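One-letter residues, chain by chain:
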Amino acid sequence: SDSFAFTNCTEKDCPDFATYDYRAITKKGVINNTYVIVGAAGYKIGKNSDKEAAIRFRDHDNSNKLESYRVKGLYLTNCVYAYNSMKEGSSIFEGKDKFGNTDSFIIIYNMDKTQSVECTLGEGTQFVTTWKWVDLTSLGETEGLKFNIKTTKEDQWGAMTPTYFCLDGITIED
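Anyway, here's the lowdown on the structure attached to this text. Since the model is a prediction, treat every value here as computed from it, not as a measurement.

**Here's the deal with the overall build of the protein**
Inference 1: When helices and strands are tallied, the protein shows one helix and 13 strands.
Inference 2: Overall, the protein shows an N-to-C arrangement of helices and strands of β-β-β-β-α-β-β-β-β-β-β-β-β-β.
Inference 3: Evaluated residue by residue, the protein yields a buried proportion of 46% over its 174 residues.
Inference 4: Taking the intrachain contacts of the protein between residues at least 6 apart in sequence as the baseline, contacts between residues at least 24 apart amount to 70%.
Inference 5: Total accessible area on the protein stands at roughly 9600 Å², and carbon and sulfur atoms take up 45% of it.

In structure tokens:
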């Protein structure tokens, strides 16, 4: 999918790290320095989008066929871009994207419409700044993970909160 990018940008490795919006707020991955940036405006995360941010589990012998697995979970955190928008607001929206006490930024995991798991990355003035384990065992056997975003900060064009987040350490049961 085109809504995923691997990065190993850390404070030590990237000279412009402080201004690099598309990195984990944690400044590194869970175990090492490589992690994934997910999402982008226009990737079925907004109202008028035509693509989705999803991971599909392909069959080892036939890549056209999906295979089901039980996903234990994964780690999630904010990217700098979303974090700064929620905490300080941005010039793009003249600060209207800054979170107040009743605002929220939630990632929703599902593959079909029957089961889903939610993880809150921002609520009121509290924002995730560490890697947070998300238990996905309640999804049962699944052919993949679809990521959707729900935010209270919207205008007539969709989300004002940047639709980016970081993930690491997807764990699948044998």
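**Comments concerning the pattern of salt bridges**
Inference 1: Scanning all chains against the criterion turns up four salt bridges.
Inference 2: Residues Glu-94 and Lys-96 are paired through a salt bridge, measuring 4.0 Å at the closest nitrogen-oxygen approach. Lys-96 shares its class with Glu-94; the two are exposed.
Inference 3: In this structure, the salt-bridge partner of Lys-153 is Asp-103, at a minimum N-O distance of 3.5 Å. Placement of Lys-153 in the loop between β10 (144-151) and β11 (154-155) and of Asp-103 in the loop between α1 (80-88) and β5 (104-110) is noted, with a sequence separation of 50 residues between them. Each member of the pair, Lys-153 together with Asp-103, is buried.

**Some words on the sheet that holds strand β6 (residues 117-123)**
Inference 1: On the basis of which strands lie adjacent, the open sheet formed by five strands has the order β3-β10-β5-β6-β7 and antiparallel pairing. With one partner strand each, in any of the chains shown, β3 (53-56) and β7 (126-127) form the two edges of the open sheet.

**A look at the pairing of β6**
Inference 1: Bridging between β5 and β6 involves six bridges; their strand directions are antiparallel. Following the sheet pairing, Ser-104 is matched in β6 by Glu-123.
Inference 2: In terms of strand pairing, β6 meets β7 through two bridges, oriented antiparallel. Paired with Gly-122 across the strands is Phe-127, a residue of β7.
Inference 3: Hairpin remark: β6 followed by β7, antiparallel, with two residues in the connecting loop; positive phi at Gly-124, about 60°.

**Some thoughts on unusual backbone geometry**
Inference 1: Here Lys-27, not a glycine, exhibits a phi torsion of approximately 75°, which is positive.
Inference 2: Locating Lys-27 in the fold gives a position in the loop between β1 (4-7) and β2 (35-38).
Inference 3: Looking at Lys-27, the relative accessible area reads 35%, which means it is partly exposed.

About the criteria used
- Residues numbered from 1 in each chain as written.
- Predicted model: local features only at pLDDT ≥ 70, side-chain atom pairs only at ≥ 80, totals over all residues.
- Heavy atoms only, no water.
- Helix = DSSP H or I, 4+ residues; strand = E, 2+ residues; numbered from the N terminus.
- Buried < 20%, exposed > 50% of the residue type's maximum accessible area, 1.4 Å probe, protein only.
- Contact = heavy atoms within 4.5 Å.
- Areas by Shrake-Rupley, 256 points an atom, 1.4 Å probe, with all protein chains shown as cover.
- Salt bridge = Lys/Arg side-chain N within 4 Å of Asp/Glu carboxyl O.
- Pairing = 2+ DSSP bridges.

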